[in-house]
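One-letter residues, chain by chain:
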Amino acid sequence: IFLAGLAGVLMLALPFYGNVIFLLLIYGRPEELFPAITGMRLTLLVASTTLLGTWLQIFVNREKAVKTPVQIHMILFGTIAILSSTGSGDTGEAFREVGMLIVMVLMIINLVRTRESYRMFVTTLISVSTYLAVYSIYLLNEGVAYLQKDTGSNRVLTNASIFSDP
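Report on the accompanying structure. Note that the coordinates shown come from a computational prediction; the quantities given were computed from them, not determined experimentally.

Notes on the overall build of the chain
Okay, so step 1: Helix and strand content of the chain: 7 helices and 2 strands.
Okay, so step 2: The secondary structure elements of the chain, listed N-terminal to C-terminal, are α-α-α-α-α-α-α-β-β.
Okay, so step 3: Counting every position in the chain, which comprises 166 residues, the buried fraction comes to 30%.
Okay, so step 4: Of all intrachain contacts in the chain linking residues separated by at least 6 positions in sequence, the fraction that spans at least 24 positions is 66%.
Okay, so step 5: Of the roughly 11,300 Å² of accessible surface on the chain, 67% is carried by carbon and sulfur atoms.

Following this line, the structure appears as structure tokens:
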């Protein structure tokens, strides 16, 4: 509990690091390694705390939020994605997933402002992408990447690798 509180204070005080933690959680998927934390919605908690820290930083430092056409395009994309899931999918899940994407884009636009923060963010992104590739190859070699599903008389290979759930 102490470490969680410390991490929360860090994300409020230095939201850029909260954004990096959020990126690590999205790519690292700790829920797969530790199933006990699946119900916590840790990624959503980190994103919300980081977004609150970002707003606090902008208002306390009297900075202006970055305004770019990408923000409008992302909000329009999110609206269309959510509306397209109303007839045939889980709208709540679509809202949560698209909402996290929009929050991540808005946080990146507003927090990655200097050359140093850009380098750190890109290095983290490349590192977690490399981790995903290596882990996926490991799962493939262990035979876990493809699971057999028995559908009566036929066995179907289903893709269950780490990339199957974007």
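Topic: the packing of helix α2 (residues 15–28) against helix α7 (residues 115–142)
Okay, so step 1: For the pair α2 and α7, interaxial distance at closest approach is 10 Å and the crossing angle is 15°. As the angle between them shows, α2 and α7 are arranged roughly parallel. In terms of crossing hand, the pair formed by α2 and α7 is right-handed. Across the interface between the two elements, Phe-16, Tyr-17, Asn-19, Val-20, Leu-23, Leu-24, Tyr-27 and Gly-28 of α2 pack against Ser-117, Met-120, Phe-121, Thr-124, Leu-125, Val-128, Ser-129, Tyr-131 and Leu-132 of α7.

Some words on the environment of Met-11
Okay, so step 1: With respect to the element layout, Met-11 can be found in helix α1 (residues 2–13).
Okay, so step 2: Beyond its immediate chain neighbours, meaning those up to four positions away, Met-11 contacts Gly-18, Val-46, Thr-49, Thr-50 and Gly-53.

Cut-offs and rules
- Numbering of residues starts from 1 in every chain and runs along the sequence as written.
- Two thresholds apply to this predicted model, a pLDDT of at least 70 for residue-level local features and 80 or more for giving and counting side-chain atom pairs, whereas whole-chain, interface and lining totals are computed over all residues.
- Calculated side-chain values reflect all of the structure's heavy atoms, with hydrogen atoms and water omitted.
- Counting from the N terminus, the helices are the DSSP runs of H or I reaching at least four residues and the strands are the DSSP runs of E reaching at least two.
- Burial classification: accessible surface area is computed with a 1.4 Å probe over protein chains only, and a residue below 20% of its type maximum counts as buried, one above 50% as exposed, and the rest as partly exposed.
- Here a residue-residue contact requires only that any non-hydrogen atoms of the pair lie within 4.5 Å.
- All accessibility values rest on the Shrake-Rupley procedure with a 1.4 Å probe; residue burial counts only the protein chains present in the view.
- In this description, a line fitted to the C-alpha atoms serves as the axis of each element, helices being fitted only across the stretch in contact, and the angle between N-to-C directions of two axes falls anywhere from 0 to 180 degrees.
- Should an angle fall under 35 degrees it is called roughly parallel, over 145 degrees roughly antiparallel, and 65 to 115 degrees roughly perpendicular, with every other angle called oblique.
- Handedness of a crossing is defined here by the sense of rotation of the near helix relative to the far one, left-handed for an anticlockwise turn of less than a right angle and right-handed for a clockwise turn.

In short, geometric facts, not functional conclusions.
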